[in-house]
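Close look at the chain arrangement
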Amino acid sequence: KNLRANVLQNLLQVVIRSDQDDNMQIEEDEIHDLISRIRKINGVEVREDRFKAAIMSSGGSLASVMDIIKNLMADDVSGEDE
């Protein structure tokens, strides 16, 4: 659970840093940088096309991007034995 919390914290920091113009939105031109940063986090996989589509359809606000990540992590954990 500590590892999961660390990964989530890293992901949230990456999302915030990827908002290059500080407008609280991840726009289309910022998504590639966000995905590149996420790929550098140990143990995190990204399905680029699905993730990009989810961000675009949610409007790209930082809150909605963070919700997408939290939901994906919850789905991932539910498939594992703890």
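Now for a description of the structure that goes with this document. (Residues numbered from 1 in each chain as written. Predicted model: local features only at pLDDT ≥ 70, side-chain atom pairs only at ≥ 80, totals over all residues. Heavy atoms only, no water.)

1. Some points on the nonpolar core
- Judged by nonpolar contacts, the single largest core of 21 residues is most densely connected at Leu-34 and Phe-51.
- Elements with a minimum of two residues in this core: α1 (2–18), α2 (28–39), α3 (48–58) and α4 (62–78).
- When residues of this core are assigned to their parent elements, the largest contribution, six residues, is made by α4. (Core = buried A, V, L, I, M, F, W, Y, C linked by side-chain atoms within 4.5 Å. Buried < 20%, exposed > 50% of the residue type's maximum accessible area, 1.4 Å probe, protein only. Helix = DSSP H or I, 4+ residues; strand = E, 2+ residues; numbered from the N terminus.)

2. Here's the deal with the pattern of salt bridges
- Under the definition given, this model contains three salt bridges.
- Among the ionic pairs, Glu-28 bridges to Lys-52, the shortest N-O distance being 3.9 Å. Remark: Lys-52 occurs in helix α3 and Glu-28 occurs in helix α2; sequence separation between them is 24 residues.
- Judged by its relative accessible area of 33%, Lys-52 falls in the partly exposed class.
- As a salt-bridge pair, Arg-37 and Asp-33 come within 2.8 Å of each other at their nearest N and O atoms. (Salt bridge = Lys/Arg side-chain N within 4 Å of Asp/Glu carboxyl O.)

3. A few points about the packing of α1 against α2
- Axis separation between α1 and α2 bottoms out at 9 Å; the angle between their running directions is 150°. In this view, α1 runs roughly antiparallel relative to α2, as classed from their interaxial angle. When you trace α1 past α2, the crossing you get is right-handed. Facing Leu-11, Val-14, Val-15, Arg-17 and Ser-18 of α1, the residues of α2 in contact are Glu-30, Asp-33, Leu-34, Arg-37 and Ile-38.
- Tallied by class, the residues present in the contact of α1 with α2 amount to five nonpolar, one polar and four charged. (Axes fitted to C-alpha atoms, helices over the stretch in contact; angles between N-to-C directions. Parallel < 35°, antiparallel > 145°, perpendicular 65-115°, else oblique. Left-handed = near helix turned anticlockwise from the far one by under 90°. Contact = heavy atoms within 4.5 Å. Nonpolar A, V, L, I, M, F, W, Y, C, P; charged D, E, K, R; others polar.)

4. Looking at the packing of α2 against α3
- At their nearest, the axes of α2 and α3 sit 11 Å apart, and the two run at 135° to each other. Classed by the angle they form, the pair α2 and α3 counts as oblique. Here α2 runs over α3; the crossing is right-handed. Facing α2, whose interface residues are Glu-28, Ile-31, His-32, Leu-34, Ile-35, Ile-38 and Arg-39, α3 presents Glu-48, Phe-51, Lys-52, Ile-55 and Met-56.

5. Some details on the side chain of Asp-19
- Position of Asp-19 among the secondary structure elements: in the loop between α1 and α2.
- The buried charged residue Asp-19 lacks any salt bridge, with Arg-37 as its nearest oppositely charged partner at 10 Å.
- Those residues within four positions of Asp-19 in sequence are excluded, and the remaining contacts are Met-24, Gln-25, Ile-26, Glu-30 and Leu-62. (Lys, Arg positive; Asp, Glu negative; His and termini not counted.)

6. Some thoughts on unusual backbone geometry
- Phi is positive for Asp-22, close to 55°, though the residue is something other than glycine.
- Looking at the secondary structure, you find Asp-22 in the loop between α1 and α2.
- For Asp-22, a relative accessible area of 64% puts it in the exposed group.
- With a phi angle near 65°, Met-24 is a residue other than glycine that sits in the positive phi range.
- By relative accessible area, Met-24 is classed as exposed at 54%.

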